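Descriptive structure summary
The residues making up each chain are set out below.
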Amino acid sequence: MSLLTTELHDLSVAALAQHLRERKVSAVETAQHFLIRVKANESLAAFVDLNEDATLAQARAADQALAAGAAGPLAGVPIAHKDIFVTRDFVATAGSRMLAGYRSPFDATVVQRLGQGVAGNATPGAGMVTLGKVSCDEFAMGSANEKSATPPLGHTSPAPVRNPWDASRIPGGSSGGSAAAVAARLAPAASGTDTGGSIRQPASFCGITGIKPTYGRASRYGMIAYASSLDQAGPMARSAEDCALLLSAMCGPDLDRDSTSLDVPAEDFSRSLNDSISGLRIGIPQEFFGEGLAPDVRAAVDAALKEYEKLGAKLVPISLPRTELSIPVYYIIAPAEASSNLSRFDGVKFGHRAADYTDLVSMYKKSRAEGFGDEVKRRIMVGAYVLSHGYYDAYYLQAQKIRRMIADDFQNAFKQCDVIAGPVAPTVAWKIGEKADDPVANYLADIFTLPASLAGLPGMSVPAGFGAGGMPVGLQLIGNYLQEAKLLNVAHRLQQVTDFHVQTPAGF
Ligand code: GLN
């Protein structure tokens, strides 16, 4: 039995890592504790795959490394991986029938760096133990995690992930399984990916902390591609302090495997967590506080901004004039890239193959018709359309031009401020099914997360209180390129004077 008085699942990543280092608890005991919790909470539909033998083998390896004094900084701490990262010991389905039961011959770089280290590379891994895979929207397309075709553990058919704060509501998406698992204390940390908000929005909806780093900071190798110029991995955990530890382990160049990986050395993102923010200039974009913003969300965000003023920060009004355009721009560029990326799923190179067909073309058509869900098909069609001859200039090229202007708007804003703050989403988490048949309503809800994604900037969500129905509200912080340490510092200072991030949903 463990020597701890606190329940293991209530410990932060930082505290758990320390207890493991001090041998107050073993990695095997820790893994077993969390596996029991995962199995007891299958009704949340957060996990889609476990492999207890693999998890316990990793935990035993962590215990050995800890005993030998040769362990990575997070040795033995469990982590749940979004089902968009390929993994050797667990399925990698990207929430799609297309990849039902798929096992990869290798682990994604991010999984390796957080775990046992990158094969053939001198960089040691952080030593984390993979607990299992968690649900995501199909190919990471979605804002509600209602669109995974992979049945969750304990379910025989696909099911929406439930928000631990209110099981009748969505957890956000597409990293909804990650956010629900962390919020319900089924895992101390989870990986996520963010193409247009999929780390920040579910973190906001589930009352946890998540950061999307600068585009290129974390390797995309082994992350099943949605929109390659936007996709970025990042950590989801309860606090900024924990996210800093995880992000330090995840990031770093991987140029041989991902040519868009940034050639900047790995950093210790915890180094400046406690720096004073007195005199910090926080830019408040007027476009993030317009009519569309629900009053309960606005109240929580305003209260968080007041806390910052008390800490000595100055609020500076700024403008991001093309905020609204980020929706059409993103929903042209992301589907365009998706239509190209998803062409590999043809039943030959990758993916599901139809059982009955007459010739090659019929095999392609039937395999893709059966393998992809409605939202994915919609985006492939939009993407193919905007890239086609005669429409390319009118849509895709225009969108690329406006994308550049959106990035320039941020650079203008950063002349007046050090970080930007605002809401993550216009409302709190909505009810399951409420927008399920209304794609446009889902797209509109991404308005505040898309701009930073299009610009490739780092952004995060920090718990800032509760709104309608007692649901969590996140504050979004956006920094300039490579300013993750600053964002984490600003988030940590808020978490030293508020306790939203340590509050637990009832029953967990
Ligand atoms: N909701 C957005 C979309 O559906 C963002 C998803 C994401 O960041 N992966 O594309």
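So, here's what we can say about the structure.

Secondary structure summary: the protein chain contains 15 helices and 11 strands in total. Taking 508 residues into account, the globule formula puts the C-alpha radius of gyration at 23 Å, and the protein chain, at 21 Å, falls close to it. Working note: accessible area of the protein chain is about 18300 Å², and carbon and sulfur atoms make up 53% of it. With 46 positive and 51 negative side-chain charges, the protein chain shows a separation of 2 Å between the mean positions of the two kinds.

Turning next to the nonpolar core. In terms of nonpolar packing, the biggest core is built from 158 residues, with Phe47, Phe139, Leu475, Leu477 and Leu488 touching the most fellow members. Among the elements that line this core, the one with the most residues is helix H9 (residues 326-341), at nine residues. Once residues within four sequence positions are removed from consideration, Leu475 is found in contact with Val301, Ala304, Leu305, Tyr308, Ala421, Gly422, Val424, Met460, Ser461, Val462, Ala464 and Leu494.

Take the site of the ligand next. The ligand sits among 15 residues. The nearest are Thr195, Gly196, Ser198, Tyr226 and Tyr330. Between Ser174 and the ligand, the recorded distance is 3.4 Å, taken from a side-chain N or O atom to a nitrogen atom. For the ligand, whose accessible area on its own is 290 Å², the fraction buried by protein is 99%. For the shell around the ligand, the per-class residue count stands at five nonpolar, seven polar and three charged.

For helix H15 (residues 484-497), spanning 14 residues, the distance from its first C-alpha to its last is 21 Å, which sits close to the expected 20 Å at 1.5 Å a residue. In terms of residue burial, H15 counts as a mostly covered element, since 11 of its 14 residues are buried. Those residues of H15 hidden inside the fold are in contact with strand S5 (209-212), helix H7 (240-250), helix H8 (295-310), strand S9 (419-423), strand S10 (459-466) and strand S11 (472-479).

An α-helix turns once every 3.6 residues. As a result, residues three or four positions apart point the same way. The end-to-end C-alpha distance of helix H3 (residues 52-67) is 22 Å, a good match for the 22 Å that 16 residues give at a rise of 1.5 Å each. Three or more residues of H3 are buried, namely Ala54, Thr55, Leu56, Gln58, Ala59, Ala62, Asp63 and Leu66. Structurally, H3 contributes buried residues whose contacts are with helix H1 (13-21), helix H2 (27-40) and strand S3 (129-134). Positive backbone phi, approximately 70 degrees, marks Gly69, located one or two places after H3.

A cluster of nonpolar side chains, namely Val348, Leu360 and Tyr364, defines an oily patch on the protein surface of about 260 Å² accessible area. Since its relative accessible area comes to 47%, Val348 is described here as partly exposed.

Our focus in this paragraph is the pairing of strand S7 (residues 281-285). Across the five residues of S7, four count as buried, placing the element largely inside the fold. In this fold, the crossover linking S7 to strand S8 (residues 314-318) by way of H8 has right-handed handedness. Where S7 lies against S9, two bridges are found, and the strand directions are parallel. Counterpart to Ile282 in the pairing with S9 is Val419.

In this section: the pairing of S8. With five bridges joining them, S7 and S8 adopt parallel strand pairing. Along S8, the bridge assignment pairs Pro285 with Ile318.

So, on to the side chain of Asn442. Its location among the elements puts Asn442 in helix H13 (residues 439-444). Owing to a relative accessible area of 11%, Asn442 belongs among the buried residues under this scheme. Of note is the side chain of Asn442, whose polar atom sits 2.8 Å from the backbone oxygen of Lys435. Ignoring sequence-local partners within four residues, the contact set of Asn442 consists of Ser143, Ala144, Trp430 and Lys435.

Thresholds applied
Residues numbered from 1 in each chain as written. Predicted model: local features only at pLDDT ≥ 70, side-chain atom pairs only at ≥ 80, totals over all residues. Heavy atoms only, no water. Helix = DSSP H or I, 4+ residues; strand = E, 2+ residues; numbered from the N terminus. Rg over C-alpha atoms; globule rule 2.2 N^0.38 Å. Areas by Shrake-Rupley, 256 points an atom, 1.4 Å probe, with all protein chains shown as cover. Lys, Arg positive; Asp, Glu negative; His and termini not counted. Charge placed at Lys NZ, Arg CZ, Asp CG, Glu CD. Core = buried A, V, L, I, M, F, W, Y, C linked by side-chain atoms within 4.5 Å. Buried < 20%, exposed > 50% of the residue type's maximum accessible area, 1.4 Å probe, protein only. Contact = heavy atoms within 4.5 Å. Near = heavy atom within 4 Å. Polar contact = N/O pair within 3.5 Å; in protein donor to acceptor, adjacent residues only side chain to side chain. Nonpolar A, V, L, I, M, F, W, Y, C, P; charged D, E, K, R; others polar. Expected span 1.5 Å × (residues − 1). Patch = residues over 30% accessible without salt bridge, like charges linked within 9 Å, V, L, I, M, F, W, Y side chains within 5 Å. Salt bridge = Lys/Arg side-chain N within 4 Å of Asp/Glu carboxyl O. Right-handed = clockwise from strand over helix to strand, strands pointing away. Pairing = 2+ DSSP bridges.

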